[in-house]
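# Architecture at a glance
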Amino acid sequence: LHEYLNTEYTRKKLPLIYNTWLYNFGEIDYDKTIEQVDEAAALGFEYFVIDAGWFGKNSNWGADTGNWYERESVWHGRLYELSEYVRSKGMEMGLWFEPERAGAECDDLRQHPEHYLNGCFLDFSNDEAREYITETVSAVIEKYKLGFVKFDYNGTTAIDKTGSSFYRYNEGQRKFLRIIREKFPDLYISLCASGGFRIDPVNMQYCDSF
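Below is a summary of the structure that appears in this document. (Residues numbered from 1 in each chain as written. Predicted model: local features only at pLDDT ≥ 70, side-chain atom pairs only at ≥ 80, totals over all residues. Heavy atoms only, no water.)

Within the protein chain one finds nine helices and seven strands. Here the C-alpha radius of gyration of the protein chain, 17 Å, is about what a compact globule of 210 residues would show, namely 17 Å. Burial status across the protein chain gives 48% buried among its 210 residues. Across the protein chain, every contact between residues at least 6 apart in sequence was considered, and the portion connecting residues at least 24 apart equals 68%. Surface accessibility of the protein chain: about 10,700 Å² in total, with carbon and sulfur atoms responsible for 52%. In the protein chain, 23 side chains carry a positive charge and 35 a negative one; their mean positions are 2 Å apart. (Helix = DSSP H or I, 4+ residues; strand = E, 2+ residues; numbered from the N terminus. Rg over C-alpha atoms; globule rule 2.2 N^0.38 Å. Buried < 20%, exposed > 50% of the residue type's maximum accessible area, 1.4 Å probe, protein only. Contact = heavy atoms within 4.5 Å. Areas by Shrake-Rupley, 256 points an atom, 1.4 Å probe, with all protein chains shown as cover. Lys, Arg positive; Asp, Glu negative; His and termini not counted. Charge placed at Lys NZ, Arg CZ, Asp CG, Glu CD.)

Now for the pairing of strand β3 (residues 92-97). The element β3 is extensively covered by neighbouring structure, given that five of its six residues are classed as buried. As paired strands, strand β2 (residues 47-50) and β3 are joined by four bridges and run parallel to one another. Paired with Val49 across the strands is Gly94, a residue of β3. (Pairing = 2+ DSSP bridges.)

What follows concerns the layout of surface pockets. Of the pockets and cavities examined, the largest pocket occupies roughly 270 Å³. Of the residues forming the lining of the largest pocket, the biggest block, three residues, is contributed by helix α9 (residues 165-183). Here the residues of the lining of the largest pocket are counted per class, giving six nonpolar, four polar and two charged. Approximately 150 Å³ is the volume attributed to the second largest pocket. As for the second largest pocket, its lining consists of Gly26, Glu27, Ile28, Gly53, Lys57, Asn58, Ser59, Trp61, Arg71, Ser73 and Val74. Each residue belonging to the lining of the second largest pocket can be placed in one class, and the counts come to three nonpolar, five polar and three charged. (1 Å grid on protein atoms, 1.4 Å probe; cavity = no way out; pocket = protein on both sides within 12 Å on 5 of 7 lines; lining within 4 Å. Points joined across faces, edges and corners; volume = space filled by probe spheres on them. Nonpolar A, V, L, I, M, F, W, Y, C, P; charged D, E, K, R; others polar.)

Let's shift gears to the side chain of Asp51. Positionally, Asp51 belongs in the loop between β2 and α4 (61-64). Side-chain polar atoms of Asp51 contact the side chain of Asn19, separated by 2.9 Å. Of the polar contacts made by the side chain of Asp51, one reaches the side chain of Lys150; its length is 2.8 Å. Excluding anything up to four places from it in sequence, Asp51 contacts Asn19, Thr20, Trp21, Ile28, Trp96 and Lys150. (Polar contact = N/O pair within 3.5 Å; in protein donor to acceptor, adjacent residues only side chain to side chain.)

Bringing the environment of Lys57 into the picture now. Within the secondary structure, Lys57 sits in the loop between β2 and α4. Its relative accessible area of 41% is what places Lys57 among the partly exposed residues. Each residue touching Lys57, except ones within four places of it in the same chain, is listed here: Asp64, Asn67, Tyr69, Arg71, Glu105 and Asp107. Side chain to side chain, Lys57 and Asp107 meet in a polar contact 2.6 Å long.

Encoded structure:
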């Protein structure tokens, strides 16, 4: 299986990635992040990735999941400045997303509940919902000149009473991945799957690592 995947789905070599989650989890501070950038560059890392907690309007990143804009209380409008600093140190900038889930404070969940299943999962089988998340994530990638994204999935879907939504949901999720890959061919895409199903080998068509 490994031999087949490595032949069929050629991808980027796994780079040296620094991830802020392993420093202090979701507790992010601008000055401490700058210190980590300096240390990561000195150690020879190639990508600097800011994990969960960079986004939203509140201190609780779990409730703010889905609000994919920089947290003012952390960055004070300087996240682009930080991304430029990362690149000046010879590294690529990366951010964490969980495009499939919305926290209780998610703006889109409140404005468009029809975009979501069970009140928290973005419905990838819904064309309008999928277009919304594709445009939102794409805008962030472009704004901060990202070279890396980590797509996580920390949920468990409910029982499928229709017998087909699981299939339609995953087909829509792969359309999302395919579009992101086509729009940003040089982007390093990593799938993280605490909730499962994202490490399905078929997704190697669109991502670079699990």
